[in-house]
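Each chain is listed here by its residues.
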Amino acid sequence: MKPIINLLNLSVVAAVLIIVGVGGLRGTYGDSGEEYLKLSGIIIPGFASTQLRAWSFLDCPLSPLDFNPLDLVWLDTTKLLSAVNCWLKCMLLDPYTQADHPECKSRPDSGLSAITELDPGYITGPLSSVWKDWVKWCIEFGIEANAIVAVPYDWRLSPSMLEERDLYFHKLKLTFETTLKLRGGPSIVLAHSLGNHVFRYFLEWLKLEIAPKHYNQWLDKHIHAYFAVGAPLLGATETVKGTLFGETFGLPVSEGTARLMFNSFSSSLWMMPFSKYCTSDNPYWKHFSGSSRKSHQTYHCEEQEFQSNYSGWPTNLVNIEIPSTRATQLYPSFAELAQTNLSSVECGYPTTQLSFSAREVSDGTLFKAIENYDSDSKRLLYLLERSYHGDPVLNPLTPWERPPIKNVFCIYGVEMKTEVGYYFAPSGKPYPDNWIITDVIYEQEGSLFSRSGTAVEGNPGAASGDETVPYNSLSFCKHWLGPKVNITRAPQSDHDGSDVQVELNVKHQHDTDIRPNMTRSQRVKYITHYEDSESIPGKRTAVWELDKANHRNIVRSEILMRELWLQIYHDINSDGKSEFVTKALRGPLRDGDCYWDYGKARCAWPEYCVYRYIFGDVHLGQSCRLKNSSSDVLHDYL
């Protein structure tokens, strides 16, 4: 079951809305309670976190299990193990047209059930849980069923294909408008991983659907807050690994099979790393100027891109060996760009080691360099040009600007060992196993080191990433903060405020990271809040860093759910004394937060929790419950 556990932790992930209109609290909060009831939540799942179901008949001759319409494809581990070739037919897409396999097609499921458990079942269900814990929290706090709306999508497709084939962004716009009519108030959006790229593309697509003077009005009316969780704002290094080698995510398949499947999806390039110093033409202004919407978008890079190393990343993302004679004949310009090592010998022939920065990965230089040594390169170049550089709405491989939404919260994990670079070499085997990884570069605790533990030179950040996305990509949203930021660092566990550290009006330069001067105990997990409510009138921006929060598990984190819940409740309550929820206290919110203190022979947090046995309790901690209701406890955080 371990492979399934790894898979389902998958950054898959995606976006959810913890939101939401707390129905069960109706009548408890007076006027503010009525406002609370109007909120709704839009859940936008991320990569591989939506169920896909068969939409055709497929006979599997070597297996007793066939595929019939509505049968689960992603993820049905039973059919994957017993009929992998049939399963692949239902998963693969044509790498050029993105059409389904001639013998089988799959489509995304709908509703909350499509994102709660990928592989429902007595054994596999708990292991494949994605958003189920979020839904449980919402139910526990009394949120109405119609206040949470899931908008699953086919995560195999590029953004333009999502709209072209499924009208996904038209449907998403209608979803926001429908929830407004149904609930009477705006929505809260919470996106995880790839879900953030989907939402970003939607905001740009919306500009071409709404008159410019009504665009901001529509956003203010329909969206109250945007929670970006684990957003790979500058891409993720693991995408390169999946493209050249294969990333199984714990599935019982080989890396070569995983690579074959991954590279058939046009979405495989959506999270490709790119430089924060390079932008492209704005299709939005081209559209209104009468220029062709199909024209190629050229990169415009700042001087800093060429003056600094590694495109603002910790190190070169890709170091790859290819036969030196052919490389210099076909690509003489690469000799100047690459770090060359002619002492290596592969299969009796000298090899050249070429190194590629984030810009050279995203603009196609990497794929052009290996075009004659890898059959996938031409297909990837085609997808890169057609679905990203030539996208009529947005080139997603360009830096983000702060979304024009009233409240933006950027949330991610830090201080985890994260891959930031790879060394590839020819394996001597045919495609898709023609590359092997000879070494990996990691970032952790402000340093870089190889797989063997050797220190590596580069530009390590103030912290490391979340085990999947490097820190420089996650923390890019700090650029959205203004010149003065308030910083609060507090323990993640329940606390009475004695360990909270606060720095007010910290100066922040736009092009540099904010490094708070605060103490840190190695035995304590912290959550650090960077908050700014003054730089943009009427808008708030906040960044939350959670120590040791894994990218694939952060959406299940009770700490994150607690903080989101408190912030949302604070926002809809007129009694709030500050722009953001107070950090001075973190006591129990639910019965499950109470526990038995064996040292004092009583329930911990006696001011909040009391021993109250209910038939069926099997241990002392289970009988510790809140003295008062959750609604009374929430008032302490205003």
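Residues numbered from 1 in each chain as written. Predicted model: local features only at pLDDT ≥ 70, side-chain atom pairs only at ≥ 80, totals over all residues. Heavy atoms only, no water.

A. Expanded view of the pairing of strand S7 (residues 223-229). Of all the 7 residues making up S7, 7 are buried; the element is thus mostly covered by neighbouring parts of the structure. Inspection of the sheet shows strand S6 (residues 187-192) paired to S7 by 6 bridges, in the parallel sense. Counterpart to Ala191 in the pairing with S7 is Ala228. Two elements, S7 and strand S13 (residues 407-414), share 5 bridges in a ladder whose sense is parallel. Across the sheet, residue Val229 finds its bridge partner in S13, namely Ile411. (Buried < 20%, exposed > 50% of the residue type's maximum accessible area, 1.4 Å probe, protein only. Helix = DSSP H or I, 4+ residues; strand = E, 2+ residues; numbered from the N terminus. Pairing = 2+ DSSP bridges.)

B. Broad picture of the state of the cysteines. For the structure shown, the criterion picks out 6 disulfides. Through a disulfide, Cys278 is tied to Cys301; the S-S separation comes to 2.0 Å. In this structure, the disulfide formed by Cys278 and Cys301 twists by about 110 degrees around the S-S bond and is classed as right-handed. Within this pair, whereas Cys278 is found in strand S8 (residues 278-280), its partner Cys301 is found in strand S9 (residues 299-301), the two being separated by 23 residues in sequence. Look at Cys278 and you get buried, because its relative accessible area is 2%. In this model Cys594 forms its disulfide with Cys609; the gap between the sulfur atoms is 2.0 Å. Judged by the torsion about the S-S bond (-75 degrees), the Cys594/Cys609 disulfide is left-handed. Residue Cys594 is located in the loop between helix H22 (558-572) and strand S21 (596-597), and its partner Cys609 is located in strand S23 (residues 609-611); the two are separated by 15 residues in the primary sequence. The burial state of Cys594 is the same as that of Cys609; both residues are buried. Disulfides within the protein chain link the bonded cysteines, taken in sequence order, as 1-2, 3-4, 5-6, 7-8, 9-11, 10-12. (Disulfide = S-S within 2.5 Å.)

C. Structural context of helix H11 (residues 212-222). Restricting attention to buried positions, one finds in H11 the residues Tyr215, Trp218, Leu219 and His222. Buried residues of H11 fall within an arc of 95 degrees about the axis and therefore sit on the same side. Exposed residues on H11 whose side chains face more than 90 degrees from its buried face are Lys213, Gln217 and Lys221. On its buried face, H11 sits against helix H9 (168-183), S6, helix H10 (194-207) and S7. (Arc of directions from axis to C-beta. Contact = heavy atoms within 4.5 Å.)

D. Seen up close, the packing of aromatic side chains. Going through the model one piece at a time under the given rule, you end up with 27 aromatic pairs. Taking 6.3 Å as the distance between ring centres and 35 degrees as the angle between the ring planes, the aromatic pair formed by Phe169 and Trp205 counts as tilted. Here Phe169 is found in helix H9, whereas its partner Trp205 is found in helix H10, with 36 residues between them in sequence. Trp205 matches Phe169 in its accessibility class, with the two residues each being buried. Judged by centre distance (4.7 Å) and plane angle (15 degrees), the rings of Phe227 and Phe409 are stacked. Taken together, the residues span a long stretch of sequence, with Phe227 in strand S7 and Phe409 in strand S13 at a distance of 182 residues. Assigned by exposure class, Phe227 and Phe409 land together as buried. (Phe/Tyr/Trp six-rings, centres within 6.5 Å; stacked < 30°, edge-to-face > 60°.)

E. Summary view of the sheet that holds strand S4 (residues 106-108). Read across the open sheet, the 3 strands follow the order S3-S2-S4; overall the sheet is antiparallel. In this open sheet, the two edge strands, each paired with only one partner strand, are strand S3 (72-74) and S4. When the angles between neighbouring strand axes are averaged without regard to direction, this sheet yields 40 degrees. In this structure, strand S2 (residues 52-54) lies alongside S3, joined through 2 bridges in antiparallel fashion. Pairing of Leu52 across the sheet is with Trp74, part of S3. Contacts from helix H4 (residues 84-91) reach S2, S3 and S4, with the element oriented near 80 degrees to S3. (Axes fitted to C-alpha atoms, helices over the stretch in contact; angles between N-to-C directions.)

F. Structural context of unusual backbone geometry. In this model, Trp74 is joined to Leu75 through a cis peptide bond whose omega is 10 degrees. The amide bond that connects Tyr431 to the next residue, Pro432, takes the cis arrangement and shows omega of 10 degrees. Inspection of the secondary structure puts Pro432 in the loop between strand S14 (418-426) and strand S15 (435-444). Phi at Ser193 takes a positive value of approximately 60 degrees, unusual for a residue other than glycine. Within the secondary structure, Ser193 sits in the loop between S6 and H10. Judged by its relative accessible area of 2%, Ser193 is buried. Positioned with a positive phi, Glu467 is a non-glycine residue whose angle comes to about 85 degrees. Take Glu467: its relative accessible area is 34%, and that puts it in the partly exposed class.

G. Region of the structure containing the pairing of S6. For S6, a buried count of 6 out of 6 residues is recorded, marking the element as mostly surrounded by other parts of the structure. Side-chain alternation along S6 places Ser187, Val189 and Ala191 on one buried face and Ile188, Leu190 and His192 on a second face that is also buried. As defined by bridge partners, strand S1 (residues 40-44) adjoins S6 across 5 bridges and the pair is classed as parallel. Directly across from Ile42, in S6, lies its bridge partner Val189.

H. Just the nonpolar core, in detail. Ranked by size, the top nonpolar core spans 119 residues in total, and within it Trp74, Trp87, Phe199, Phe202 and Val318 carry the most contacts. Ignoring anything within four residues of it in the chain, the contact list for Val318 reads Val240, Leu244, Leu354, Ser355, Phe356, Val361, Leu366, Tyr422 and Phe424. Counting 50 residues, the second-largest nonpolar core is a separate cluster that includes Ile43, Ala147, Phe227 and Leu564. (Core = buried A, V, L, I, M, F, W, Y, C linked by side-chain atoms within 4.5 Å.)

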